[in-house]
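Each chain, letter by letter, is given below.
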Amino acid sequence: MTKNSTRVRLAVAAALAILISACSIANLGWLRNSPDVGRDFETLHVSSGYRYWYLYLENTPYAVLGLNPEYRIDDILWTEVESSSETFRKVVGLVESFPVPGSRTYGACILDAKGEQIGVWYSSMIAGISVDPNTKVVSITTATPWMGGGDDNGARD
């Protein structure tokens, strides 16, 4: 599969993610790029005031995020992890070292619909953010590179 077709697939998936998230525009959050957050993850000096999760499998994570303790993710693709654990160090290293094709890993602040920071994001993927203000459940919509297709089977270059 060519790099251009991979980029097109990622762009289409990202657009769909944003559209799906926009269905609940009143609860729509967003990511704000932050070099400081990226550095915090790269140096493993993350805030102990957050609860952390990683996306997909421990050996093939695509994102790591931290949320204020009153927020949570209810999605089987996300696994909670302690920031002081070896698993956390491992998944952060893998997310940093193996970005999705055509992208780079970055840090960002996760903002709710009011623009208030509720967490941090570290990934090479863009995401749609939706926050239910009543239940404090955060929904993250991303592309699904692990689903594969074509010749790459979801593998990273």
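All figures in this text were calculated on a predicted structure; none of them were measured in a lab.

A. Quick look at the pattern of salt bridges. Tallied over the entire structure, the rule returns five salt bridges. Between Arg51 and Glu80 there is a salt bridge; the shortest N-O distance is 2.9 Å. Here Glu80 lies in strand 4 (residues 78-81) and Arg51 lies in strand 2 (residues 51-57), a separation of 29 residues in the sequence. Take Arg51: its relative accessible area is 28%, and that puts it in the partly exposed class. We note a salt bridge from Glu58 to Lys90, for which the minimum N-O separation is 3.2 Å.

B. Representation of the pairing of strand 5 (residues 106-111). The element strand 5 is extensively covered by neighbouring structure, given that six of its six residues are classed as buried. Side chains Tyr106, Ala108 and Ile110 of strand 5 all project onto a buried face; the interleaved residues Gly107, Cys109 and Leu111 project onto the opposite face, where all are buried too. Of the pairings in the sheet, the one linking strand 5 to strand 6 (residues 117-123) comprises six bridges and is antiparallel in character. Each bridged residue has a counterpart across the sheet, and for Ile110 the counterpart in strand 6 is Gly119.

C. View of the nonpolar core. Core analysis: the largest hydrophobic core is formed by 23 residues, its most contacted members being Leu65, Trp78, Trp121, Val138 and Ile140. Those elements that provide at least two residues to this core are strand 2, strand 3 (60-67), strand 5, strand 6, strand 7 (128-131) and strand 8 (138-141). Sort the elements by how many residues they give to this core and strand 3 lands first, with four residues. When near neighbours in sequence (up to four residues on either side) are disregarded, Trp78 contacts Trp53, Tyr54, Leu55, Ala63, Leu65, Ile73, Trp121 and Ile140. Counting 16 residues, the second largest nonpolar core, distinct from the first, contains Tyr54, Val64, Phe88 and Tyr122.

D. View of helix 2 (residues 35-42). Here helix 2 has its buried residues at Val37, Gly38 and Phe41. Seen end-on, helix 2 carries its buried residues on one side only, within an arc spanning 100°. Turning to helix 2, the residues buried within the fold contact strand 2, strand 3, helix 3 (86-97), strand 5 and strand 6.

E. Region of interest: the sheet that holds strand 5. Overall, antiparallel pairing links the eight strands, which are arranged 4-2-3-6-5-1-7-8 in an open sheet. Whereas interior strands pair on both sides, the edge strands pair on one side only; in this sheet they are strand 4 and strand 8. Neighbour to neighbour, the strand axes of the sheet diverge by 30° on average, direction disregarded. Pairing of strand 7 with strand 8 involves four bridges; the strand directions are antiparallel. Each bridged residue has a counterpart across the sheet, and for Gly128 the counterpart in strand 8 is Thr141. Docked against the sheet, helix 2 engages strand 1 (28-33), strand 2, strand 3, strand 5 and strand 6, running at close to 60° with respect to strand 6.

F. A look at the confidence of the model for the protein. Mean pLDDT for the protein: 87, with 78% of residues reaching 70 or above. Within the model, the stretch residues 149-157 combines pLDDT values under 50 with 24 contacts to residues more than four positions away or in other chains.

G. Spatial organisation of the environment of Asp40. Note on placement: Asp40 falls in helix 2. Distance from Asp40 to Val120, taken between C-alpha atoms, is 9.9 Å for residues 80 residues apart in sequence. Residues contacting Asp40, with those up to four places away along its chain left out, are His45 and Val46.

The rules behind each value
Residues numbered from 1 in each chain as written. Predicted model: local features only at pLDDT ≥ 70, side-chain atom pairs only at ≥ 80, totals over all residues. Heavy atoms only, no water. Salt bridge = Lys/Arg side-chain N within 4 Å of Asp/Glu carboxyl O. Helix = DSSP H or I, 4+ residues; strand = E, 2+ residues; numbered from the N terminus. Buried < 20%, exposed > 50% of the residue type's maximum accessible area, 1.4 Å probe, protein only. Pairing = 2+ DSSP bridges. Core = buried A, V, L, I, M, F, W, Y, C linked by side-chain atoms within 4.5 Å. Contact = heavy atoms within 4.5 Å. Arc of directions from axis to C-beta. Axes fitted to C-alpha atoms, helices over the stretch in contact; angles between N-to-C directions. pLDDT = per-residue confidence, 0-100.

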